There are 2 protein chains.
Amino acid sequence: MQPTPLNGSELAVMRAFGRLMVVMPKMLDADLQRTQRMSLSEYQTLRHLSETPGNVMRMSELAHRCDMSFSGMTRLVSKLESLGHLSRRRCESDGRGFDVQLTEAGFERLREAWPDHLESVRRRIFDHLGRLDLGDLAAALEGMNESGGQACHSAACDK
Amino acid sequence: MQPTPLNGSELAVMRAFGRLMVVMPKMLDADLQRTQRMSLSEYQTLRHLSETPGNVMRMSELAHRCDMSFSGMTRLVSKLESLGHLSRRRCESDGRGFDVQLTEAGFERLREAWPDHLESVRRRIFDHLGRLDLGDLAAALEGMNESGGQACHSAACDK
DNA sequence: AGTATTTCCTTGACGAAGCAAATTAATTCG
DNA sequence: CGAATTAATTTGCTTCGTCAAGGAAATACT
């Protein structure tokens, strides 16, 4: 009672994709760790902050964008705060929340790290796209990301 | 001194890809966990065993194929052994090594799990490929997997 | 106003997986 | 053959990130 079997190419894609999911995050993380002594999640956190107006975001929003649980984000932010890359202060309009603000040092750290990260991404990903159309690929990847049904990790379900 | 900046589509691909690396493994794992009470790495381990002649493999070989460290594989195999999905016995030709053998029960478990996993992969991945050519995609993914420079996690460097 | 509910974040406990060191077996060398 | 070296796993310890529970502020209800 197979739900429609796979043909040759599909099987190849499935295998390669399966492996990629395991290996690619490790490679990108290892590259960043090696060249910049920084983890991929730290990088992503700083990047998201840097891309928001004012470089300030609520914890929840940040966790959401980074696809992490609230608790995971609390821990990561604590670490980045101790490194001086960002600061956390109670939100004025809502005393329950916290505003996370990218510091100048954090911004500097990001500027310092991104060329290496970009090089890593280029070498590990872009250099292998071959004939694939970038627009089609972007659309496909975005579709996958939205395939929702939420893994139920990721922020939404920490509580 | 940017190492060649990204154009629009490239940026979109990079962002989507970055997110996918974080989210997709969680989604596939959560799907399998929900429908089959099994983790993705358990599944992959059983699958690799099932695809080898005789359904036997050395620990190191298995770790290598699953892109896990030796230690991680030792623990995973211990768990699967306690579940009766596989058995481990000293290798005859080399007393240092162990042969891991998929049991009939393990094989059955895999047969039971794969339709759900396939459905999950189909829904999360294949349903979003749009115009992408499967052959080109497979080639690209394989290229990325080989982008080597080993993350240095993954088996090779556990020691 | 006073209590109940909900929201936002933090903390505690835990599991998965990695690295480094330890273990035991095979091999190489003198 | 016995010591030194190399190989295949395992065990100890640490880190990352999740879930479950808790605390404090805001909101809703009476």
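I will try to describe carefully the structure that is included in this document. Note that the structure is predicted; figures quoted are calculated from it, not measured.

Re the interface of chain B and chain A
Reasoning step 1: Opposite the 62 residues of chain B that make contact, chain A presents 61 residues.
Reasoning step 2: Carbon and sulfur atoms make up 67% of the surface buried where chain B meets chain A, a total of about 5900 Å² over both sides.
Reasoning step 3: Summed over the shared surface of chain B and chain A, the number is 10 salt bridges.
Reasoning step 4: Between A:Arg19 and B:Glu146 there is a salt bridge; the shortest N-O distance is 3.8 Å.
Reasoning step 5: One can count 16 residue pairs in polar contact (both at pLDDT 80 or more) joining chain B with chain A.
Reasoning step 6: Secondary structure elements with two or more residues in the side of chain B that touches chain A: α1 (8-36), α5 (104-124) and α6 (134-145) of chain B.
Reasoning step 7: It is α1(B) that provides the largest number of residues to the side of chain B that touches chain A, a total of 18 residues.
Reasoning step 8: Partitioning the side of chain B that touches chain A into residue classes produces 34 nonpolar, 13 polar and 15 charged.

Some details on the protein's contact with DNA strand D
Reasoning step 1: The environment of DNA strand D is made up of 26 residues, and the closest members are A:Ser69, A:Arg75, A:Gly95, B:Ser60 and B:Thr74.
Reasoning step 2: Each atom of DNA strand D within 4 Å of the protein was assigned to sugar, phosphate or base; sugar and phosphate come to 60%.
Reasoning step 3: One of the side-chain N or O atoms of A:Arg75 is found 2.6 Å from a base oxygen in DNA strand D.
Reasoning step 4: For the surface near DNA strand D, the secondary-structure elements that each account for two or more residues are α4 (70-82) of chain A together with α3 (59-66) and α4 (70-82) of chain B.
Reasoning step 5: Grouping the constituent residues of the surface near DNA strand D by class yields 4 nonpolar, 10 polar and 12 charged.

Observations regarding helix α6 (residues 134-145) of chain A
The periodicity of an α-helix, 3.6 residues per turn, causes residues three or four places apart in sequence to face the same way.
Residues and elements named next belong to chain A.
Reasoning step 1: A rise of 1.5 Å per residue sets the reference length of α6, with its 12 residues, at 16 Å; its end C-alpha atoms lie 16 Å apart and thus fit the reference within 8%.
Reasoning step 2: Every buried residue of α6 is accounted for by Asp136, Leu137, Ala138, Ala140, Leu141, Gly143, Met144 and Asn145.
Reasoning step 3: Of the residues flanking the start of α6, the one acting as N-cap is Asp133, its side-chain oxygen 3.0 Å from the backbone nitrogen of Gly135.

Quick notes on the protein's contact with DNA strand C
Reasoning step 1: Close to DNA strand C lie 25 residues; A:Ser60, A:Thr74, A:Arg75, B:Ser69 and B:Arg75 are nearest.
Reasoning step 2: The share of sugar and phosphate among atoms of DNA strand C within 4 Å of the protein is 62%.
Reasoning step 3: At 2.7 Å, a backbone N or O of B:Gly95 approaches a phosphate oxygen of DNA strand C.
Reasoning step 4: Secondary structure elements with two or more residues in the surface near DNA strand C: α3 (59-66) and α4 of chain A together with α4 of chain B.

Notes on the relation of the copies chain B and chain A
Reasoning step 1: Mapping chain B onto chain A calls for a rotation angle of 180° and an axial translation of 0.0 Å; the resulting RMSD is 0.1 Å. Put plainly, the chains are arranged around a two-fold axis. No C-alpha of chain B approaches the rotation axis more nearly than that of B:Met21, which lies at 2.9 Å.
Reasoning step 2: Most of the interface of chain B is mirrored in chain A, where 98% of its interface residues are also at the interface.

Overview of the packing of helix α2 (residues 40-50) of chain A against helix α5 (residues 104-124) of chain A
All names here are of chain A.
Reasoning step 1: Closest axis-to-axis distance for the α2/α5 pair is 10 Å, and the angle between their directions is 120°. The pairing of α2 with α5 is recorded here as oblique in orientation. At the point where α2 passes α5, the crossing takes the left-handed sense. Within the contact between the two elements, α2 uses Leu40, Tyr43, Leu46, Arg47 and Ser50 and α5 uses Gly106, Phe107, Leu110, Ala113, Trp114 and His117.
Reasoning step 2: Along the lines of polarity and charge, the residues of the contact of α2 with α5 split into 7 nonpolar, 3 polar and 1 charged.

Looking at the pattern of salt bridges
Reasoning step 1: One pass over the structure, following the stated rule, counts 36 salt bridges over all chains.
Reasoning step 2: Ionic pairing is found between B:Glu51 and A:Arg15, a salt bridge with its closest N-O pair at 2.9 Å. Taken as a pair, B:Glu51 in the loop between α2 (40-50) and β1 (56-58) and A:Arg15 in helix α1 (residues 8-36) lie in two separate chains rather than in one.
Reasoning step 3: A residue is classified by how much of its surface remains accessible, and B:Glu51, at 39% relative accessible area, is partly exposed.
Reasoning step 4: Here A:Arg96 ties to A:Asp94 by a salt bridge, and the two come within 2.7 Å at their closest N and O atoms.
Reasoning step 5: For A:Arg96, a relative accessible area of 70% gives the class exposed.
Reasoning step 6: On the accessibility criterion, A:Asp94 (18% relative accessible area) is buried.

Rules and cut-offs
Sequence order as written defines residue numbering, which begins from 1 separately in each chain. The order in which chains are written sets their letters, starting at A; the order in which ligands are written sets their numbers, starting at 1. Where totals are concerned, whole chains, interfaces and linings use all residues; where local detail is concerned, this predicted model gives features only for residues with pLDDT of at least 70, and gives and counts side-chain atom pairs only at 80 or more. With hydrogens and water set aside, each side-chain value is computed from the structure's full complement of heavy atoms. Residue contacts are defined here by distance: any two heavy atoms, one from each residue, within 4.5 Å place the two residues in contact. Note on definitions: buried area is the accessible-area loss of two parts on being combined, 1.4 Å probe, summed for both. Between Lys or Arg on one side and Asp or Glu on the other, a salt bridge is scored when a side-chain nitrogen of the former is within 4 Å of a carboxyl oxygen of the latter. Polar contacts, as counted here, are pairs of nitrogen or oxygen atoms within 3.5 Å of one another; within protein the pair requires one atom able to donate a hydrogen and one able to accept it, and residues that are adjacent in sequence qualify only if both atoms are side-chain atoms. By definition, any uninterrupted DSSP run of H or I lasting at least four residues is a helix, any uninterrupted run of E lasting at least two residues is a strand, and each is numbered from the N terminus. As a working rule, the residues Ala, Val, Leu, Ile, Met, Phe, Trp, Tyr, Cys and Pro are called nonpolar, Asp, Glu, Lys and Arg charged, and the rest polar, with Gly in that last group. For this description, a residue counts as near a given molecule or strand if any of its non-hydrogen atoms is within 4 Å of it. Expected helix span is computed as 1.5 Å times (number of residues minus one). Working definition: with a 1.4 Å probe on protein chains only, accessible area under 20% of the residue-type maximum means buried, over 50% means exposed, and in between means partly exposed. The copies are overlaid by a least-squares fit using only the C-alpha atoms of residues whose pLDDT is at least 70 in both copies. Interaxial angle, 0 to 180 degrees, is taken between N-to-C directions of lines fitted to C-alpha atoms, where a helix line uses only the stretch in contact. Here the word oblique covers every angle except those under 35 degrees (roughly parallel), over 145 (roughly antiparallel) and from 65 to 115 (roughly perpendicular). By convention, the crossing between two helices is left-handed when the near helix turns anticlockwise from the far helix through less than a right angle, and right-handed when the turn is clockwise.

Note that every value here comes from positions in space, so none of it alone points to a role or purpose.
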